Amino acid sequence: MTIKEIAQLAGVSISTVSKIVNNKDQNIHPETRSRVLKIVKEYNYTPYGTVKNLSTAKSFLLAVLLRNSGLSPLMLNGILETAQAHGYNVLLFDSQDDLNTELKHITTICRKRVDGVIWEPVSPGSTAHVQHLTHQGIPICCLNDGAAFPSYSIDFQEMGRRLTQKMIDHKHTRMLCLLKKENARSEQVLNGFHKCLYENGLPFNEDVLLYSDSFADSSHFLQKITELDITGIVSSHFSSSLLLYEQLCKLHYCVPSDLSLVSLKENDQNAISFPHISGIRIPWQEFGRFVCEQLIEKCEKTASDDAVRLFAADFCFDSEDSIRIPSSLCSKKLVVVGSINSDMTFNVDFLPQAGKTTKILNATRTVGGKGANQAVGVAKLNCKVTLIGEIGNDIDSSFIMDALNHVGVPGEGIHRDLYSPAGKAYIYIDSNGESTITILSGANASLSAEMIRQRQHLFKNAGLCLISSELSVETLLEAAKTGRMYGAKNILKPAILGTIPDRLYELIDILIPNRKEAASLCPAGASIEEQAEYFLSKGIEIVIITLGEDGCYLKTGETARYFPAADFVAVDTTGGADAFISAFAAYLTEGYSLEQSIRIATYAAGFCVSRQGTAPVLADRSTLEAHIAKFEPLLLRRP
């Protein structure tokens, strides 16, 4: 292809083509210039042999000079894709954060007669090098260095503002901004964070800044979250978010139940399936296309003087998996503190007796323990629940976690003791439904008062705290103190306690013993009524003594009455009390009256004892309420 043929195709003179390809086209109409260049690129015309001054001839070659190769490869993909679409080739150079290396690359770029350069300067000192490019009239598009050069950059400030606004839209007003020190992106995200707080009338101070290198001191990190009552965190880097997530897990914080977390994300990080951190994808590829378009317009002299230098895409969130309104604004939840076991249930004709061999007719394994049973009961009634307890390092522990997850009991309050097996219960049930239980405490014995203190944030927004007594007295006291501290009412099932210390009585609001437990705790009381009166004298506000097939007895300062049991045939009485307590607590938390909650709980207990097992046969909400609606439809009407 000759210059004459190019001129004929473009409908212009040979001299016009020559001026355009040799960058001497100042007086040529832009429309003519664009038409000629389009044909030159389409036919790969090279002006060798016909253009006298090759030093000014167009080469259709662009250079990309980066500070270092750490910049997103997606941006380079966008540059290459756009350059090739416009008929340009690309040379890539890496300055390795070194001014001397940068200068060597710039001299090479000048020798290569490139048409334009996309340049990410190493530092403000790079201004000394720009003269080599401008002397040869090479157009430049600088990246990410607005302080020393007019630069193109992604609008990270706007991205930071949108991350923060998403949090505020979910009712968060107390947030931390997670940053990297001396990082340009972090500084811009912080500006956006600050701007958004100002726009929404929220205060800003230096205390809300969190740097990724502070995670080494987890106590300082935890202190900042608790003292400032932080509910959400905005992060400038996904790598920092992952480190934060790891620390939160170690501190028994759950995202998003306890803390919401949002972050900027690189493209390849969107494929990470766990942890699920919501965020905005950084549009590197689109930015690469944008900058390359700007450079080509400069090279072809079609760029306007008022070109936009801040690149802003849609900045949409990929999900809301790690964002939730603060727990204090959610409906009240229940906290359960107690044992978690793997239950082995054996069906026998007669309960084991000393000196006699008992034949086992059937054996099943289920999740159990007072804590686990009550948490499962609450979860199956569609109430939010947090279970605090210990499991071990054995296969039974994995079975327990799978079973709890299956019914919606979250695992943030459950800790694995690497040096103990899971707790185990061995339950024998005779043909009349009566049972006897032996227990191996296992990891349950590891749940200490200190561990309750470490997980105290899980008590936030709790309406009721259900405490079972298969724990040490000190642990029971700490759980009750923490429940009170966060405004929850404490319910105690005494179970294996032979006595209740006065200091524990002072922290209990509702006591629910069975007939045998009440008699053991109050041997001087000859009747149910006398025993209940004794517990009231200890400072308990509400006493409910469960009586098996005879129902239960309620005693308060104003009320004393018996409630009949629901009409069910008992098959296995093991979990009746746990079913009663979980239903009672769930409906009481939802605003049902004390007496309504007790009557509903008797139905839940009846359902449980009419089948074998405990956790697997606890009634779900729809089943329970459908049955109640047949016999007492008005019972489900809120007061």
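Residues numbered from 1 in each chain as written. Predicted model: local features only at pLDDT ≥ 70, side-chain atom pairs only at ≥ 80, totals over all residues. Heavy atoms only, no water.

Asker: For this particular structure, what's the right way to read the side chain of S582?
Answerer: Note that S582 resides in helix α19 (residues 576–589). Here S582 falls in the buried class, since its relative accessible area comes to 2%. Here the side chain of S582 touches A579 through a polar contact of 3.1 Å, landing on its backbone oxygen. Residues in contact with S582, not counting those within four places in the same chain, are Q374, G377, V378 and L381. (Helix = DSSP H or I, 4+ residues; strand = E, 2+ residues; numbered from the N terminus. Buried < 20%, exposed > 50% of the residue type's maximum accessible area, 1.4 Å probe, protein only. Polar contact = N/O pair within 3.5 Å; in protein donor to acceptor, adjacent residues only side chain to side chain. Contact = heavy atoms within 4.5 Å.)

Asker: Would you take a moment to explain unusual backbone geometry for this structure?
Answerer: For residues that are not glycine, phi is negative in most cases, and the peptide bond is trans in most cases. For the bond from V255 to P256, the omega torsion is 5°, close enough to zero to count as cis. Assignment of secondary structure puts P256 in the loop between α10 (238–250) and β9 (260–265). Residues other than glycine seldom take positive phi values, yet E182 does so here, at roughly 50°. Turning to its location among the elements, E182 is positioned in the loop between β6 (175–179) and α8 (184–199). Phi is positive for N382, which is not a glycine, with a value near 65°. Take N382: it is sitting in the loop between α12 (370–380) and β15 (385–391).

Asker: Please clarify how the layout of surface pockets should be interpreted in this entry.
Answerer: Remark: the empty space left among the atoms is shown by a probe the size of a water molecule rolled over them. Quantified by volume, the largest pocket comes out at close to 1400 Å³. Taken together, 46 residues make up the lining of the largest pocket; nearest its centre are N514, T573, T574, G576 and A577. Of the residues assigned to the lining of the largest pocket, the class counts are 18 nonpolar, 18 polar and ten charged. (1 Å grid on protein atoms, 1.4 Å probe; cavity = no way out; pocket = protein on both sides within 12 Å on 5 of 7 lines; lining within 4 Å. Points joined across faces, edges and corners; volume = space filled by probe spheres on them. Nonpolar A, V, L, I, M, F, W, Y, C, P; charged D, E, K, R; others polar.)

Asker: Looking at this structure, I do not really get the environment of F317. What am I missing?
Answerer: Of note, F317 is situated in the loop between β11 (310–311) and β12 (333–337). Along the chain, F317 and G279 lie 38 residues apart, while their C-alpha atoms are 5.3 Å from each other. For F317, the contacting residues outside a window of four places in its chain are R162, L163, K166, V262, S278, G279, I280 and I323.

Asker: Before we go on, may I ask you to explain the sheet that holds strand β10 (residues 278–281) in this structure?
Answerer: Strand pairing in a sheet is mediated by backbone hydrogen bonds. Such pairs are either parallel or antiparallel. Spatial ordering of the open sheet is given by β7-β6-β8-β9-β10, a layout of five strands whose pairing is parallel. The outermost strands of the open sheet, each flanked by one partner alone, are β7 (209–211) and β10. Pairwise comparison of adjacent strand axes, ignoring direction, gives a mean angle of 20° for this sheet. With four bridges connecting them, β6 and strand β8 (residues 232–235) associate as parallel partners. Paired with C177 across the bridge in β8 is V234. (Pairing = 2+ DSSP bridges. Axes fitted to C-alpha atoms, helices over the stretch in contact; angles between N-to-C directions.)

Asker: I keep staring at the side chain of R185 and nothing clicks. Help me out?
Answerer: For R185, the position within the fold is in helix α8. Filtering out sequence-adjacent residues up to four positions away, R185 remains in contact with F156, S236, H237, L264, E266, I282 and W284.

Asker: For this particular structure, what's the right way to read the pairing of strand β19 (residues 462–468)?
Answerer: Where a strand is regular, its side chains alternate between the two sheet faces. Within β19, seven of the seven residues are buried, which leaves it mostly tucked inside the rest of the structure. Relative to β19, β12 runs parallel, the two sharing five bridges. When the bridges of β19 are listed, V337 appears paired with I467. Relative to strand β20 (residues 489–493), β19 runs parallel, the two being bridged by five bridges. Counted as the bridge partner of L464 is K489 from β20. Where the polypeptide runs from β19 across helix α15 (residues 473–485) and back to β20, its parallel neighbour, the crossover connection is right-handed. (Right-handed = clockwise from strand over helix to strand, strands pointing away.)

Asker: What am I meant to see in the packing of helix α7 (residues 156–169) against α8 here?
Answerer: Each packed pair of helices is defined by two parameters, the angle between the axes and the distance between the axes. For the pair α7 and α8, interaxial distance at closest approach is 7 Å and the crossing angle is 45°. Taken together, the axes of α7 and α8 lie oblique to each other. Judged by the twist between their axes, the crossing of α7 over α8 is right-handed. Between α7 and α8, the contacting residues are F156, Q157, G160, R161, T164, Q165 and I168 on the first element and R185, Q188, V189, N191, G192, F193, K195, C196, L197 and E199 on the second. Its residues assigned to classes, the contact of α7 with α8 comprises six nonpolar, seven polar and four charged. (Parallel < 35°, antiparallel > 145°, perpendicular 65-115°, else oblique. Left-handed = near helix turned anticlockwise from the far one by under 90°.)

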